[in-house]
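The chain contents come next:
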Amino acid sequence: MSISRESSKADDQSDTLAIGSSDYRDYVTMSIADRLFGIPVLKVQDVLGQQAITRVPLAPPEVAGSLNLRGRIVTAIDVRLRLGLDRRENAKASMSVVVEHDGELYSLLVDSVGEVLSLNVKDYQRNPPTLNPRLREFSDGIYRLNGSLLVVLSVASLLNFSGRVDAA
Amino acid sequence: MDDLLSEFLTETFENLAVLDVELVKLEQNPNDMELLGNIFRLVHTVKGTCGFLGLPRLESVAHAGENVLGKVRDGELDVTPEAVSLILECLDRIRSIMGDLEATGSEPQGDDSDLIKRLNAFADGAAAAPPAAPAPAAAPAAPSSGAVVSLQSIRPGKTSEASIYEQIGGMGTIDAMIEVLFNRVMGDLRLKKFFENINIDHLQGRSRDYVAKIAGGPDSFNEADLKAAHARLCGMGFNDAQFDAFAGHVQAALNTLEVPATISAMIMGMVFSTRDEVVGRVAPGEGVTSLQQASAAAAAPVEPVAVNPVAELQQLVESVKTDARTDKQAKPVEAGDSKDSAVANQTIRVNVDLLENLMTMVSELVLTRNQVLQILRQHKDSEFAAPLQRLNHVTSELQEGVMKTRMQPIGNAWSKLPRLIRDLSHELKKKVDLVMIGQETELDRQVLEMIKDPLTHMVRNSADHGLETPEERRRAGKPETGKVTLNAFHEGGHIIIEISDDGRGLSLAKIKSKAVQNGLASEAELESMTDQQIQQFIFKAGFSTAAKVTSVSGRGVGMDVVKTNIEKIGGTVEMRSTEGKGTTFVIKIPLTLAIVSALIVECSGERFAIPQISVVELVRATSNGELKVEKIKDTPVLRLRNRLLPLVSLRELLRLDSSETTMNEDTFIVVAQVGTYSFGIMVDRVFDTEEIVVKPVAPILRDIEMFSGNTILGDGSVIMILDPNGIAAHSGQMGMGDSAAAENMSKRSRSVSEEVVPLLLFKAGDGAPKAVPLALVARLEELDRATIENSNDRWFVQYRGQLMPLVPMDAYQQISTEPGRQPVLVFSDREHSMGLMVDNIVDIVETRLNVEISAATPGRIGSAVIAGHATEIIDTGYYLSQAFGDWFGSREEDTAGRGRRLLLVDDSAFFRHLLAPQLSAAGFQVTSVDSPDRALALCEQGETFDIIVSDIEMPGMTGFEFCETVKKAGPWQGTPIIALSSHANPKEVAKGRQAGFDDYVAKYDRDGLVHTLNETLSEIRGAA
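### Focus: the overall build of chain B
Logical step 1: The helix and strand tally for chain B stands at 37 helices and 35 strands.
Logical step 2: Relative to its 1024 residues, chain B shows a buried fraction of 41%.
Logical step 3: Within chain B, contacts between residues separated by at least 24 positions form 69% of all contacts whose residues are at least 6 apart in sequence.

Now the structure itself:
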């Protein structure tokens, strides 16, 4: 896979949680390849179980296909592939988190969706420079939890395909 | 805002839009009286309506404008650009006042006296010239003014009448009075003769002006008219009975307007007081003086009737005014529009939002219906079946009906353009001609709204940046007047709008330097780009090559915005430009954003929708049936009714899993058509058709040109909608105005005019590979050698119930007698077929033909380099004549070509050699030349022909120009010309007809050509 590394990282700090009035932020947590990720809860429209997804031929590999969500067509993005991880084993069920970006709905396919966590901003920190470059591209920062880390995914960078070189 | 006012605004805005267009037309045809009358009426209506609604500012502006128009109509003023500009300015002022009115609900403060003064001065400036108003035109003004003569005569006694005009509600009220009266009078047989040969509009205007004047309103009345009218009346003998009849109408008019009895009695008294003078008992010879004296005298009998006439009059005026306000419904019917009212009653105005809602609901209804039908299919014997069928039909009809309400002709979006171009041409000192074709093309309202602004912008750009100044054009050898052409037409469920100009075109050098300057590309990058790619830079933000920003263009809105807006509605913009020749933009937009009918197919377990509109037929191919898919090297083809249909495998095209059998024995073929190009799409299964709601695909998928959208089916699943245009473009054919295809095209050949021909390559005999244009081959056959029979040194085979002659490639070629299969190319013509025996078929290639002629071997046109090998192009005509001595002879009786002289103009030696034998075989005496110049030289030498067949794309003079030249003048003017082109799409055909071609034939359509020739010639014979 020859996905460009030169994607837009800087242009999407908008999702970044600046220190606001409240000390706590809510995140929908999800796991991908046994790693913990989070998306700000207000960005999430729906959480779906296994869905019938229509494949879209000739689409970039990360696009898993399209699905029908209450009469709206939602584009499914396989977050694993987007993050440069291995393809999910076929037998394993997937779940997805539906987000809106630029007026379009996208369904982010992940391994499983967990609970909503309320996290203290003091545990938040910018991406450490040692983070996997691929992850760093799509992450806004990380939270230190008890014994594990939660990577905050940037929805905007995940769905910004304009910077990519055609990998198909 | 009350309903009345908003209705007025809508109506008046519409009227203003029409006026803009009509005025520009008038400027071009100053003598079109009908047009002028129409304009006058429209302005008049605007003015009248303003009066009724009590909008003095609007009314006074409109009235001043109407004055000028009135003078123009009466021939006192000429239609000059100044006059038109002034009227347009007046309309603009009305529009701007109305804009405020719309925003605030009341007329804005402001002073229009300057504009009114100029309008009046303009009107007067010419009015000072000898009054040209024809006498009869004003004639029956007298009866109506009879009443007002008296009115005027009582004025001197009082002082406060000046306010009457304003109290009355201004011109509007007077109009109503006059119009009611005229409607009645005109319908009276007794009075009819006085109106014969008279311009009623003019008369009405005069009468109104007169009443306005004596009521203290604007004085635009011409005394001479009154005199003339009186003279005419006296001359024609206006008698007592007629006077009574007229008076009766005045009374009735007053009644209609519900004037209180006392006041109307008083008015009638005034009218009767003028009896003597009007019926000519006062000596006619005394003319005006007698009239004025009489009117003065008439004042006397009035006095006793009403003690305070002015007070009463004002009361009357009040009552008329309230009447006019409250009884708005009755008024338009009463006052003149009676002939339109029937139509008006057939239409209602509906809020657009309501329609949009309806549309959404219907879309949902359709989807729900689809779902229900899907369920029904699983329960065959349901008792719901019948009612559901009914529901199905009603839903379809409802959907159709609602769709129709949303369709509007594209001309609506263009209505502002003539005015725009006119103003532009004045401002920029350019001569611009706007040609609009296909105004009636209908498209969805929603789409129409969205392209309005981009279109306006592009037309403005074309006129401003595209066209040169007259001097520049003269220097470039072009006509001074530049042309901007708008052309709209339907194609395959899309609307194509072309905006072209014949201006300077895009300057590549300028674009390059600008691109470098803006950091969009480096010099090196530009070097590697094609001209097409460089031109695309103008769609980038902040890119304008105009050296100076005029007030017209360069308002910070660039082509990038245009492009974004069009893409928003699923459309595309393409651009072609030739420096020095002009620029053409092609906008392709979907007809509607709503529902289409589509065929659902399956391939590799995935379902797809193909828009029904581009599907021609469905064919099932089996391995052992009549129809089967054959492969010529790697290219699958289907023999379908004597044609070889190129096939596209959806599986390969979409790179679907081919884990199943690689080549299915049974396959369904969807025959699709894009423009004139037909091709088959191979799929695994075909389901039924379904109504689908087209939804645009997500931005990330938008680059995939195979899909035009996606949709949700009745069962709730999402499927992709295939775009036949995209597939055609991808399969190597030039899709209409498609960017990828255009790029493909420019990669393959820099010059589009060179033709790409699909050729069938084969081997036969010794030596080089051979080639023949694929279009000439009817079928490919492999015959069992055992079935080949020899008789009289010729080979035959029984084929489809007939004896088909087989011809070897070379006479000395040994026909193999070993058992096996013999590949044969079948050429077919009507009931005759002939087989050319070859060794093996190699491939189908698409290439440009560059034939170097070698006449050495019979049966060869020449050699060309194809796929890297020197290849001989065979002359099918030669083999046809070998197979049948009478190949064409048997048809001689039904050809009109016998002995007819035919001129063939084609730059390609290949086609000349291909066509000439065929045409001469059809009985024509063929003369072929390689360029229009040669053809014109023959014309000068005095040669004559019965018919000319000309290619379109030729270097130097094109076929269009050639045709125009020939048809313009000279001895060949009457000679029919038939165009021959490989791009026979509807647009080209239309262009050809415009240039004067009598017919248009696709290049390989031999039968079609002979048929057209015969038809054209017999038409001429029939006409002669």
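Structure's up, so let's keep going.
### A look at the packing of helix 35 (residues 959-968) of chain B against helix 36 (residues 986-995) of chain B
All names here are of chain B.
Logical step 1: At a minimum axis distance of 8 Å, the contact between helix 35 and helix 36 shows a crossing angle of 25 degrees. The pairing of helix 35 with helix 36 is recorded here as roughly parallel in orientation. Contacts between helix 35 and helix 36 involve Phe960, Cys963 and Glu964 on the former and, on the latter, Lys991, Gly992 and Ala995.
Logical step 2: Residue composition of the contact of helix 35 with helix 36, by class: three nonpolar, one polar and two charged.

### Some points on the confidence of the model for chain B
Residue and element names in this part refer to chain B.
Logical step 1: Averaged over chain B, the pLDDT score is 72; the fraction of residues at 70 or greater is 69%.
Logical step 2: Within chain B, strand 18 (residues 718-722) carries the highest mean pLDDT (90), whereas helix 31 (residues 739-748) carries the lowest (36).
Logical step 3: Note that residues 547-556 has pLDDT below 50 and, in this model, 15 contacts with residues that lie over four places away or in other chains.
Logical step 4: For this predicted complex, the interface confidence score (ipTM) comes to 0.80, while the overall pTM stands at 0.42.

### What to know about the packing of helix 22 (residues 417-428) of chain B against helix 23 (residues 445-466) of chain B
Residues and elements named next belong to chain B.
Logical step 1: Packing of helix 22 against helix 23 leaves a shortest axis separation of 10 Å and a crossing angle of 30 degrees. Regarding the angle of helix 22 to helix 23, the classification is roughly parallel. For the crossing formed where helix 22 meets helix 23, the hand is right-handed. Contact residues: helix 22 offers Leu417, Leu420, Ile421, Leu424 and Leu428, while helix 23 offers Thr456, Val459, Arg460, Ala463 and Asp464.

### A word on unusual backbone geometry
Residue and element names in this part refer to chain A.
Logical step 1: One non-glycine residue, Ala33, lies in the positive phi region at around 50 degrees.
Logical step 2: Within the secondary structure, Ala33 sits in the loop between strand 1 (24-32) and strand 2 (35-40).
Logical step 3: By C-beta crowding, Ala33 is classed as partly exposed, having 13 other C-beta atoms within 10 Å.
Logical step 4: Even without being glycine, Leu58 reaches a positive phi, approximately 70 degrees.
Logical step 5: Topologically, Leu58 is positioned in the loop between strand 3 (44-48) and strand 4 (63-69).
Logical step 6: In this structure Leu58 comes out as partly exposed when scored by C-beta crowding, with 17 C-beta atoms within 10 Å.

### Quick look at the pairing of strand 30 (residues 869-874) of chain B
All names here are of chain B.
Logical step 1: Pairing of strand 20 (residues 770-773) with strand 30, which is carried by two bridges, proceeds in the parallel orientation. Paired with Lys770 across the strands is Glu872, a residue of strand 30.
Logical step 2: As paired elements, strand 29 (residues 860-866) and strand 30 share six bridges and run antiparallel to each other. Bridged to Arg860 within strand 30 is Ile874.

### Some details on the sheet that holds strand 7 (residues 582-590) of chain B
Residue and element names in this part refer to chain B.
Logical step 1: Taken in spatial order, the five strands line up as 2-4-5-7-6 in an open sheet, and their pairing is mixed. Only two strands of the sheet have a single partner each, and these edge strands are strand 2 (432-437) and strand 6 (572-578). Within the sheet, the average angular offset between the axes of one strand and its neighbour, ignoring direction, is 15 degrees.
Logical step 2: Contacts from helix 22 reach strand 2 and strand 4 (482-491) within the one sheet, and its direction differs from that of strand 2 by about 165 degrees.

### Details of the interface of chain A and chain B
Logical step 1: On the side of chain B, 18 residues touch chain A, which itself brings 17 residues to the contact.
Logical step 2: Residue assignment for the side of chain A that touches chain B shows that the elements contributing at least two residues are strand 4 and strand 5 (72-78) of chain A.
Logical step 3: For the side of chain A that touches chain B, the element with the most residues is strand 4 of chain A, which contributes four residues.
Logical step 4: Residue classes in the side of chain A that touches chain B are distributed as ten nonpolar, five polar and two charged.

### A closer look at the environment of B:Glu940
Residues and elements named next belong to chain B.
Logical step 1: With respect to the secondary-structure elements, Glu940 resides in helix 34 (residues 932-940).
Logical step 2: Taking the C-beta count within 10 Å as the criterion, Glu940 has 9 such neighbours and is therefore assigned exposed.
Logical step 3: Spatially, the C-alpha atom of Glu940 lies 8.8 Å from that of Gly970, the residues being 30 residues apart in sequence.

### A short note on the environment of B:Asp951
Residue and element names in this part refer to chain B.
Logical step 1: On the secondary structure map, Asp951 appears in strand 33 (residues 947-951).
Logical step 2: For Asp951 and Ser908, which are 43 residues apart along the polypeptide, the C-alpha to C-alpha distance reads 9.0 Å.
Logical step 3: Those residues in contact with Asp951 that sit more than four places away from it in its chain are Val905, Asp906, Asp907, Gly959, Leu980 and Ser981.

### Considering the sheet that holds strand 4 of chain A
Residues and elements named next belong to chain A.
Logical step 1: Read across the sheet, five strands follow the order 3-6-7-5-4 without closing on themselves; strand pairing throughout is mixed. In this open sheet, the two strands that pair with only one neighbour each are strand 3 and strand 4. The sheet shows a mean angle of 30 degrees between the axes of neighbouring strands, taken without regard to direction.

Cut-offs used in this document
Residues numbered from 1 in each chain as written. Chains lettered and ligands numbered in written order. Predicted model: local features only at pLDDT ≥ 70, side-chain atom pairs only at ≥ 80, totals over all residues. Helix = DSSP H or I, 4+ residues; strand = E, 2+ residues; numbered from the N terminus. Buried ≥ 20, exposed ≤ 12 C-beta atoms within 10 Å, placed from the backbone. Contact = placed C-beta atoms within 7 Å. Axes fitted to C-alpha atoms, helices over the stretch in contact; angles between N-to-C directions. Parallel < 35°, antiparallel > 145°, perpendicular 65-115°, else oblique. Nonpolar A, V, L, I, M, F, W, Y, C, P; charged D, E, K, R; others polar. pLDDT = per-residue confidence, 0-100. Left-handed = near helix turned anticlockwise from the far one by under 90°. Pairing = 2+ DSSP bridges.

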